[in-house]
Structures are given as C-alpha cells and as structure tokens.
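# Commentary on secondary and tertiary structure
Here's the letter readout for the chains.
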Amino acid sequence: MKCVDLLFGTFLHLILIEAHSYRTNENRDTSAMIKKFPYIILKCNESISSKDRKNGTITSIDYPNSYSSGIICHYIFNAEGQERIQLKFTDVDLYYSAGDPDDPFGCPSQDSITVYTYEDDEEQQLEQFCGKKHPTQLMSSGQKMKVVFRSQNTQKDSNSGFRMEFSFRTDFGVQGGGIQDDRGVCSFEFYSTRASEGIFTSPNYPGKYPHNMECEYIFRGVPEKEIIVINFSDFDVKGCDNPTDSDYVEFSNFLDTRDRKLPRYCGNRPQYDPVTSDAAFFRVTFKSNNKFDATGFKGTYKFKKGSSDPDKPTTLSATPRNDRLNTGSRIQTHVLVTTCTIILFYKSVIDHLLNVF
C-alpha cells in the first residue's frame, strides 16, 4: 500500500512540475491541459449553480500557498429566476512584474483575474485586475457570470493567489431592510410603522451597480400626519453629460406617474439637496442603462411629522393631481344640481297645494 501511495504521489508531483513549465493559450492549451493534467483542471475549473448551493468560497490552487505557473482556470456561475450573482474578492496576491503590485497599471500580459457578465447572451468584460489590487464587490447583470484566472508561464514569487466569496442574491444587494415585492423584482417598501428613519442603497452598493436595472423604493407614512425627507450621503450615478441616455434617480408623489416638477438626479456629487414629499407617500426610482458603470448611491430617509400643503395631494393615488381635482369638481357640480332639483320639486308641490286650498 505504501508503494502505491509513493507511486501516486510521485505521479502528481511530476504533473505539477510539468504544469509549471507548460505554456498557456486559452484556445489551444486549455483542452490539452484537460487531457494531460486532469488533477489541476478538476481543481480550478468549476461550474457553480444556485440549484446546488447559494453561497460559498473559491480559492486559487493551494491557497494560501503559492500557485502554479502556466494554467487557466474558469469558474462559471449560473443563477435562477430573478437571482443575481455577487462576487467579493477578499484577498488577491498575483505575481506582477511591471512595477508596484499595489498599484498595477497594465494587466493583459500579467497574471490576472478577468470577470465577465452576460447581457442578452452576449459576453462582456466587467473587470480585469492583477497584482494585489482588487475591486469592491461585483454583481452580474443577469443569470450568468464567469471568472477567468490566468497564470502566465513565468517564474513566480511566493504569491498566494486569490480568495473570493460568491452568493446568489434575490435582493439585488440592496441594503436598508425594506420589504421586497413578492414577485422578487427590485422593489422595496419602507413603512414609518416599522422604522421612522433608515438607509436605502442602489443595487450592489458600494460595488458598481449592474447594467439595465430598475429599482423602486416606496415610502409610506401615516396619511395626513407625516411627510418623507430623502437625503444622499454618497451619490455616483453616471451619465449626466448625455441626459437622454443617462442613468438616473427620480422622485414622485404618485405611484405610477412621473412627477415632472421634481428633477432627476445624476452625476458624481458629494451631496444633493434634500428632497421632501408632498404627503405621506413617496416613490424613488433608480434606473441604469447598458453603457455606464458607477458605485451608485447611499440614501437616507426620515418620516417627519407634518401635514400636506392643501394645494397638494394628501392621499396615495396613481392619478395626477389635476385629474383628481377635476373629478372632485364634477362631484361637487353633481351634488349642487341634485340639491337644486329637489328644492324645485318641493316648491312645485307646495304651490300646487296652495292652489288647491
């Protein structure tokens, strides 16, 4: 038995030695490595499905010890339904020969990690990093994400590789404790009966928000007794230079209608002016397109005592204020006409009786 163990150990040792000197090319060498070095390929190529597990940790081979030269590893993540994949790199230590690894300026010819997301089945590079610098948390735009780790065929120092945490999120990485819509979409409600104040964030904050997202944050106070005040302590929503294509945050006193008297917010600003609702209902909407990347926002909300302006809506309605006022005017007119009709009727009866007697 000891003889068998010795032979197997020697075999694996030879594989690792040869793998160190094996030249990588993603299109040609990966398939050859699968046949020639099954031990390495099985350890560094994974397909992770949310059907099997909702979160976990992935590391480079032999982490935290030094990793091998001349390998390519693929990690493919597949989500279900409305889920998004979120990645957090907690440690990155890759060999870097072009300068300061804490401040790398070029990754293509270095050991690197590249993250891809998919939009309409089209692969798009989301991030590439190397050295010891790594991004804040990343999130997919859809149900699929891929991470590729490339180790160049060069002599290494004692670099430990990487460690990343993954999770399949149904809350889109939105913080604040709002009640999510039952349909699993990016819509959250905040009630003053649950918390008088708190925070809310863009998806995946403080990481970059995904492309093609639309999220609603709905605030409900006590009717005719409370109003809502919104502030932003951090705001970076790209695209103000091109308003028709911009990512933005907008506000409305109505459930389904845009409130055109309130401006849209975008850009990178340390602080915006507070936004105050007309009454006890307020809706904030965040919208991103497929062109820009930014960290989004961290907002605060506060339910304050206060009655609505008599010229402003005091109850939740999806109908614009003018339509509701017109409806009220029609009701008043109808009541007036009905009252006049009744008075005239009784007057005619009285006149008739006086003529009879």
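The rules we used
- Along each chain, residue indices are assigned from 1 in the same order as the chain's sequence is written.
- Under the rules for a predicted model, residues below a pLDDT of 70 receive no local features and side-chain atom pairs below 80 are neither given nor counted, while totals for whole chains, interfaces and linings still include all residues.
- Calculated side-chain values reflect all of the structure's heavy atoms, with hydrogen atoms and water omitted.
- Each helix is a run of DSSP H or I of at least 4 residues and each strand a run of E of at least 2, with the numbering of both proceeding from the N terminus.
- When checking whether two residues touch, look at their non-hydrogen atoms; a contact exists if any pair is within 4.5 Å.
- Every case where a carboxyl oxygen of Asp or Glu lies within 4 Å of a side-chain nitrogen of Lys or Arg is listed as a salt bridge.
- Burial classification: accessible surface area is computed with a 1.4 Å probe over protein chains only, and a residue below 20% of its type maximum counts as buried, one above 50% as exposed, and the rest as partly exposed.
- One bridge is not enough; two strands pair if DSSP finds at least two bridges between them.
- Here the nonpolar core consists of buried residues drawn from Ala, Val, Leu, Ile, Met, Phe, Trp, Tyr and Cys, with membership extended through side-chain atoms lying within 4.5 Å.
- Centres within 6.5 Å make a pair out of two Phe, Tyr or Trp rings, where for Trp the six-membered ring is used; the pair is then stacked when the planes are under 30 degrees apart, edge-to-face when over 60, and tilted otherwise.
- Residues adjacent in sequence count toward polar contacts only when both atoms are side-chain atoms; beyond that, a polar contact is any pair of N or O atoms within 3.5 Å, and within protein one must be able to donate a hydrogen and the other to accept it.

Right, let's get into the environment of I58. Residue position: I58 is located in strand β2 (residues 55-59). Here the alpha-carbon distance between I58 and C44, two residues 14 residues apart in the chain, equals 9.1 Å. Once residues within four sequence positions are removed from consideration, I58 is found in contact with E46, I48, Y75, F77, F162, R163, M164 and F166.

Scanning the model with the defined rule gives 15 salt bridges in all. Across the pair E46 and R53 runs a salt bridge whose closest N-O atoms are separated by 3.3 Å. According to the relative accessible area criterion, E46 is partly exposed, its value standing at 27%. With a shortest N-O distance of 3.0 Å, R169 and D171 are connected by a salt bridge. Among the ionic contacts, a cluster of salt bridges with common partners joins E250, R258 and R264.

Another aspect to go through is the pairing of strand β15 (residues 248-252). Taken across its five residues, β15 has five buried, putting it largely inside the fold. Residue alternation in β15 divides its side chains into two sets, Y248, E250 and S252 and V249 and F251, and both sets are buried. Pairing analysis gives five bridges linking β15 to strand β18 (residues 281-287), with the strands arranged antiparallel. Among the inter-strand pairings, Y248 is bridged to a residue of β18, identified as K287.

Next up on the list: the sheet that holds strand β4 (residues 84-93). Pairing in this open sheet of four strands is antiparallel, and the strands run β2-β9-β4-β7 from one edge to the other. Since the sheet does not close on itself, it has two edges, and those belong to β2 and β7 (138-139), each with one partner. As paired strands, β4 and strand β9 (residues 161-169) are joined by nine bridges and run antiparallel to one another. Within β9, the position partnered with D91 by the bridge is R163.

A cis geometry characterises the amide bond from Y63 onward to P64, with omega recorded as 5°. Here P64 is to be found in the loop between β2 and β3 (71-78). For the bond from Y205 to P206, the omega torsion is 5°, close enough to zero to count as cis. Not every positive phi belongs to a glycine, and N204 is a case in point at roughly 70°. Phi is positive for N212, close to 55°, though the residue is something other than glycine. Summarising the element assignment, N212 is placed in the loop between β12 (197-201) and β13 (214-220).

What follows covers the nonpolar core. F200, Y217, F219, I230, F232, V249 and F251 are the most contacted members of the largest nonpolar core, which totals 29 residues. Mapped by element, the contributors of at least two residues to this core are β11 (187-191), β13, β14 (226-237), β15, β18 and β19 (296-305). Top contributing element to this core by residue count: β14, with five residues. What F232 contacts, discounting residues up to four positions off in sequence, is F200, V249, F251, Y265, P270, Q271, Y272, F297, K298 and G299. Of all hydrophobic cores here, the second largest spans 27 residues; its members include I61, V92, Y95 and M145.

Summed over the entire model, instances satisfying the criterion amount to 27 aromatic pairs. Ring geometry for F200 versus F219: centroids 5.4 Å apart, planes at 70°, classification edge-to-face. In this pair, F200 is assigned in strand β12 and F219 in strand β13, connecting sequence segments 19 residues apart. Neither residue differs from the other here; F200 and F219 are each classed as buried.

Moving on to the side chain of S192. Topologically, S192 is positioned in the loop between β11 and β12. What makes S192 buried here is its relative accessible area of 14%. A polar atom in the side chain of S192 sits 2.8 Å from the side chain of E226. What S192 contacts, discounting residues up to four positions off in sequence, is R220, G221, V222, E226 and F303.

Strand order in the open sheet made by the five strands is β10-β11-β13-β18-β15, with mixed pairing throughout. One side of each edge strand has no neighbouring strand; the edge strands of this open sheet are β10 (179-180) and β15.

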